[in-house]
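The primary structure of each chain is shown beneath.
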Amino acid sequence: MPSVLIIMGIVFIIYYIACVLYAGLGASFIWIWLVGGLALVVLGGTLLVCRKHGIILQIPFSAKCLFQTAIACMAVIFLIGEGLIFSGMLQKGRPDLDYIIVLGCQVKGERPSKALQERLEMAKDYLEKNPDTKAILSGGMGTGEMITEAECMYRYLVDAGVDSRRLLIEDTSTTTLENLQNSQNFLDKETCSVGIVTNNFHVYRSVALARKAGYLNVCGIAAPSRTILQPHYLVREFLALMKEILKKNV
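Participant: I would appreciate a short explanation of helix α3 (residues 61-88) in the present structure.
Facilitator: Within an α-helix, residues lying three or four positions from one another point in the same direction, as the helix has 3.6 residues per turn. Here α3 is 28 residues long and its end C-alpha atoms lie 41 Å apart, about the 40 Å a rise of 1.5 Å per residue gives. Among the residues of α3, Gly-81, Glu-82, Ile-85 and Gly-88 are the ones counted as buried. Among the structural elements, α7 (203-212), β7 (218-223) and α8 (230-246) are those in contact with the buried residues of α3.

As structure tokens, this is what we get:
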């Protein structure tokens, strides 16, 4: 067991380094892999030292049972949460929706990040196939961004040949929930059919938030996410989903 913990810790640390080299230190919550990796290495190393010196840790049986039960419950909750996330990754929307809402994502200066570009390419493809659909581009300005995410999306889609008259800008939101709430200013959430365009790992939570916010006819449109960060995104999305559940937003 100590050796397994150390190996897992090293893998986590290597993954952290790879993610930083790919996306930089600014990637959201990327530090969890470094902290988790160091914790596993320290724990495994401590157990190895204790074993080498014949030190036996006396842990009450009841405490062992409680710890094992807690770990098992956490594993079950994690698997259920990831199952829900994976179910959203398969959603491809429906044709002829009244609106699609393209959720904002990181902008690097004035250019879309890879994740945002994937969303925009999916939105462009949908708009080309469904000429009567309008798009709400939703996203404010975050740290390190020179323009709002909505403005970045607008420029990208117009440059890609999308008619600007089909694009509506919502540029004040800073969270997914705000994206959905503020986008209601452009549509009737009870009568309009709406598709939410976001990266595949983000679809389930986005649609769940929309339904909780009162959208009656909503579906997800999953854009791909094809980077080394995918495992990180899936773990981070699980934590975000649990947070929304605790806040009773979904």
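Participant: Sorry, what's going on with the nonpolar core here?
Facilitator: In summary, soluble globular proteins display a tendency toward joint burial of nonpolar side chains. Within the largest apolar cluster, 39 residues are counted, with the highest numbers of intra-cluster contacts made by Ile-100 and Val-102. Every element with two or more residues in this core is listed here: α1 (2-23), β1 (99-103), α4 (114-129), β4 (134-138), α5 (149-159), β7 and α8. Tallying contributions element by element places α4 first for this core, with seven residues. Dropping the residues within four chain positions of it, Val-102 is found in contact with Arg-119, Leu-120, Ala-123, Ile-136, Leu-137, Ser-138, Met-153 and Val-197. With 18 residues, the next largest nonpolar core counts Cys-192, Leu-209, Ala-213 and Ala-222 among its residues.

Participant: Would you mind showing me how to read a nonpolar patch on the surface here?
Facilitator: On the surface, Met-1, Val-4 and Met-8 cluster together into a nonpolar patch covering about 300 Å² of accessible area. Its location among the elements puts Met-1 in the segment before α1. Its relative accessible area of 65% is what places Met-1 among the exposed residues.

Participant: Help me out: how do you make sense of the pairing of strand β6 (residues 194-199) in this one?
Facilitator: The two faces of the sheet receive side chains in turn, since in a regular strand these alternate between them. Burial runs high along β6: six of the six residues are buried. The pairing of β1 with β6 spans four bridges and is classified as parallel. Pairing of Tyr-99 across the sheet is with Val-194, part of β6. As judged from the six bridges shared by β6 and β7, these two strands associate in the parallel manner. In the sheet register, Thr-198 faces β7, and the bridge partner there is Ala-222. For the crossover that starts at β6, traverses α7 and ends in the parallel β7, the hand is right-handed.

Participant: Sorry, what's going on with the packing of aromatic side chains here?
Facilitator: Two aromatic rings, taken as a pair, are described by how far apart their centres are and by the angle between their planes. Taken as a whole and judged by the stated rule, the model has five aromatic pairs. For the pair Tyr-15 and Trp-33, a centre-to-centre distance of 4.9 Å together with 75 degrees between the ring planes defines the contact as edge-to-face. One end of the pair, Tyr-15, is in helix α1; the other, Trp-33, is in helix α2 (residues 31-52), with 18 residues separating them in the sequence. Residue class for Tyr-15 comes out buried when judged on its relative accessible area of 14%. Taking the centre distance of 4.5 Å and the plane angle of 15 degrees together, the rings of Phe-201 and Tyr-233 count as stacked. Of this pair, Phe-201 sits in the loop between β6 and α7 while Tyr-233 is found in helix α8, placing the two residues 32 residues apart along the sequence. With a relative accessible area of 3%, Phe-201 lands in the buried category. Ring pairs connect the aromatic residues Phe-12, Tyr-15 and Trp-33, which therefore count as one cluster.

About the criteria used
- Residues numbered from 1 in each chain as written.
- Predicted model: local features only at pLDDT ≥ 70, side-chain atom pairs only at ≥ 80, totals over all residues.
- Heavy atoms only, no water.
- Helix = DSSP H or I, 4+ residues; strand = E, 2+ residues; numbered from the N terminus.
- Expected span 1.5 Å × (residues − 1).
- Buried < 20%, exposed > 50% of the residue type's maximum accessible area, 1.4 Å probe, protein only.
- Contact = heavy atoms within 4.5 Å.
- Core = buried A, V, L, I, M, F, W, Y, C linked by side-chain atoms within 4.5 Å.
- Patch = residues over 30% accessible without salt bridge, like charges linked within 9 Å, V, L, I, M, F, W, Y side chains within 5 Å.
- Areas by Shrake-Rupley, 256 points an atom, 1.4 Å probe, with all protein chains shown as cover.
- Salt bridge = Lys/Arg side-chain N within 4 Å of Asp/Glu carboxyl O.
- Pairing = 2+ DSSP bridges.
- Right-handed = clockwise from strand over helix to strand, strands pointing away.
- Phe/Tyr/Trp six-rings, centres within 6.5 Å; stacked < 30°, edge-to-face > 60°.

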